[in-house]
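Coordinate inspection notes
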Amino acid sequence: MTWTLVGWVFIGCAAVLLLISIFIRFENRYPIRQMPAIAHLRKAQSASMETGRGRWVLLGDRFIPQAYPGLGLHALSVLPMFLSMESGVDGGLTLGSADGSLAVFARQVVQNNYRDGFSPVLHQAGAQIALYGPTPLSFTAGLLPELSPLTSGSLALFGHYGPESLLWVDAVQRRHGAIFASGGSLAAQAVLFLSVRDVLIGEATFAYPQAPAPDNRAARQLLTEDVLRLALILGLLIGVGLKLGGVL
Amino acid sequence: MRKILAFAILAGASLLILGGYAFQELLAPVLGMVMDWGLVLLGAAFLIGIGYLLRMHISNLFKAEKSVGMSGIFLVAFFFTLIAGLILPTENAFYSNLVLNIQLPVEASLLAVLAVTLFYASLRLVRTQGWTPLSVGFLVSALFSLVLESGILPIVPNSPIGQVVSLLSRLPLAGARGILLGMALGGLLVGLRVLLSFERPYDEE
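Residues numbered from 1 in each chain as written. Chains lettered and ligands numbered in written order. Predicted model: local features only at pLDDT ≥ 70, side-chain atom pairs only at ≥ 80, totals over all residues. Heavy atoms only, no water.

1. Quick notes on the overall build of chain A
What chain A contains, in helices and strands, is 9 helices and 6 strands. Within chain A, the fraction of its 248 residues that count as buried is 53%. Across chain A, every contact between residues at least 6 apart in sequence was considered, and the portion connecting residues at least 24 apart equals 75%. As displayed, chain A has an accessible area near 10700 Å², and 65% of this comes from carbon and sulfur atoms. (Helix = DSSP H or I, 4+ residues; strand = E, 2+ residues; numbered from the N terminus. Buried < 20%, exposed > 50% of the residue type's maximum accessible area, 1.4 Å probe, protein only. Contact = heavy atoms within 4.5 Å. Areas by Shrake-Rupley, 256 points an atom, 1.4 Å probe, with all protein chains shown as cover.)

This is the structure we're talking about:
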């Protein structure tokens, strides 16, 4: 058995588990994780809307990062939740990215929300799509002047980004803006852990679209994740045992 | 109908690419073609992204906002680099020196600012996260790694103390692997959710 095959078996098990979980009715029996960071983010978003301050959602610098696949896709998958919160507000949301494909897909998500919900504020001026620079550092150079003192309400980071994110965070913090960070490279997670209270690291990074909505869909995805996590831990422990026993 | 079509294209392309990994010889020509299409689309998306960038700065110029000066500098630099890049080959010494001698110092200065900000942020760790086991562990681990990496401790590698220190110095690596495993697990599930249409970011659910 090769490691590639082990990987395929793992992917297959995950797919089968997700499919099986469709037929399970949870009815609040499966506990949804309490994540204060997500509650803080939603509160900060609402407060920013009420006070008319700017909201930034950054989608990262790469759609398909080599080392962290899934982060770009995850950044796009959280967008509908942000857009639904914005439906009654007259502008102020900026979706920033350092990757052209992320910007294009974000625009498609915004337009679909507009088309399906007939909410003109989500179109054009409502949710602005901005590409501040095509590389991480040029993005930083382009973004920092935009986070001006009068408009910094909240900043939410998703997708892939590096330790330069500390500069964005610092700019918003100095203006008393709220910050939420989820994702980023390993270095970015370490750096943001130092300075951001509401930060999600590791597998919690992918919790955002499910955790605040305790419905069946959220429960089934969390159940799958928990089963796989347990299988992974057991596999690692068995591997360590076999290594110590001289079998591997 | 539009939703069904979008899902069918997504599922077909995803299954084809996944199947291509399992049946490489059989699906290699088709897979290559699909990957080429993907690359062309990504290239086109990049160009559109550059269009967004230009539009933002041109709009700043017309609105005469406070960042009008920076937008002006950006546009001049952008078009100069674009035209120079189109006329001169990338190996041209004048062109590469011109770009690198501006780009590298600017990037280095941003990294220098980042280093100072990082130092300041590390001083605020406990104030940000409070006295939690995670923050204390982070702090102790960071201090321990700093002392070890500085090389000021005279540790003999094969001595018992050296082996303990070696074990402890590998702990951050183990932690990093743990976080990466968690992210890989989350990434796998995000991919599967989109593939199985549980999550449809491209469409209102």
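That was the structure; now back to the text.
2. Quick look at the pattern of salt bridges
Opposite charge on two side chains lets them pair, provided their charged atoms get close. By the definition in use, this model includes 6 salt bridges over all chains. By sharing partners, the salt bridges in this structure join A:Glu203, A:Glu225, A:Asp226 and A:Arg229 into a single network. (Salt bridge = Lys/Arg side-chain N within 4 Å of Asp/Glu carboxyl O.)

3. Some words on the packing of aromatic side chains
Residues and elements named next belong to chain A. In total, this model carries 9 aromatic pairs over all chains according to the counting rule given. Seen in terms of ring centroids, Phe-63 and Phe-105 are 5.1 Å apart; in terms of plane orientation they differ by 45 degrees. Their pairing is tilted. With Phe-63 in the loop between β1 (54-58) and α3 (71-77) and Phe-105 in helix α5 (residues 100-117), this residue pair connects regions lying 42 residues apart in the sequence. In textbook terms, an aromatic cluster arises when at least three aromatic residues are bridged by ring pairs, as seen for Tyr-132, Phe-139, Tyr-161 and Trp-168. (Phe/Tyr/Trp six-rings, centres within 6.5 Å; stacked < 30°, edge-to-face > 60°.)

4. What about the confidence of the model for chain B?
If pLDDT is low for a region, its predicted coordinates should not be looked at in detail. Residue and element names in this part refer to chain B. For chain B, the mean per-residue pLDDT works out to 82, and 95% of the residues sit at or above 70. The least confident element of chain B, judged by mean pLDDT, is helix α1 (residues 2-22) at 76; the most confident is helix α3 (residues 68-87) at 87. ipTM for the predicted complex: 0.79, alongside a pTM of 0.84. (pLDDT = per-residue confidence, 0-100.)

5. A look at the environment of B:Ala11
In this fold, B:Ala11 is placed in helix α1. Linking B:Ala11 and B:Leu195, residues 184 residues apart in sequence, is a C-alpha distance of 5.9 Å.

6. A word on the pairing of β1(A)
Residue and element names in this part refer to chain A. Summarising burial for β1: 5 of the 5 residues are buried, a large majority. Pairing geometry for β1 and strand β2 (residues 93-97), over 4 bridges, is parallel. If you follow Arg-55 over to β2, its bridge partner there is Leu-93. (Pairing = 2+ DSSP bridges.)

7. Some details on the side chain of A:Gln45
Inspection of the secondary structure puts A:Gln45 in helix α2 (residues 36-51). If sequence neighbours within four positions are ignored, A:Gln45 has contacts with A:Arg55, A:Phe82, A:Met85, A:Glu86 and A:Ser154.

8. A closer look at the pairing of strand β5 (residues 178-182) of chain A
All names here are of chain A. For β5, a buried count of 4 out of 5 residues is recorded, marking the element as mostly surrounded by other parts of the structure. Two elements, β5 and strand β6 (residues 198-200), share 3 bridges in a ladder whose sense is parallel. Within β6, the position partnered with Ala-181 by the bridge is Val-199. In the classification by handedness, the crossover that spans β5, the intervening helix α8 (residues 186-195) and the parallel β6 is right-handed. (Right-handed = clockwise from strand over helix to strand, strands pointing away.)

9. Details of the confidence of the model for chain A
On average, chain A scores 83 in pLDDT, and the residues at 70 or more come to 86%. Mean pLDDT across the elements of chain A bottoms out in α5(A) (81) and peaks in β5(A) (91).

10. Brief notes about the layout of surface pockets
The calculated volume of the second largest pocket comes to roughly 1200 Å³. Along the walls of the second largest pocket sit 34 residues, with A:Ser138, B:Phe74, B:Ala77, B:Phe78 and B:Thr81 positioned nearest its centre. Put simply, the parts of the chain that give the lining of the second largest pocket at least two residues each are α6 (136-146) of chain A together with α2 (24-63), α3 and α4 (93-123) of chain B. Here the lining of the second largest pocket takes 9 residues from α3(B), the largest share from any one element. A breakdown of the residues in the lining of the second largest pocket according to their chemical character gives 22 nonpolar, 10 polar and 2 charged. (1 Å grid on protein atoms, 1.4 Å probe; cavity = no way out; pocket = protein on both sides within 12 Å on 5 of 7 lines; lining within 4 Å. Points joined across faces, edges and corners; volume = space filled by probe spheres on them. Nonpolar A, V, L, I, M, F, W, Y, C, P; charged D, E, K, R; others polar.)

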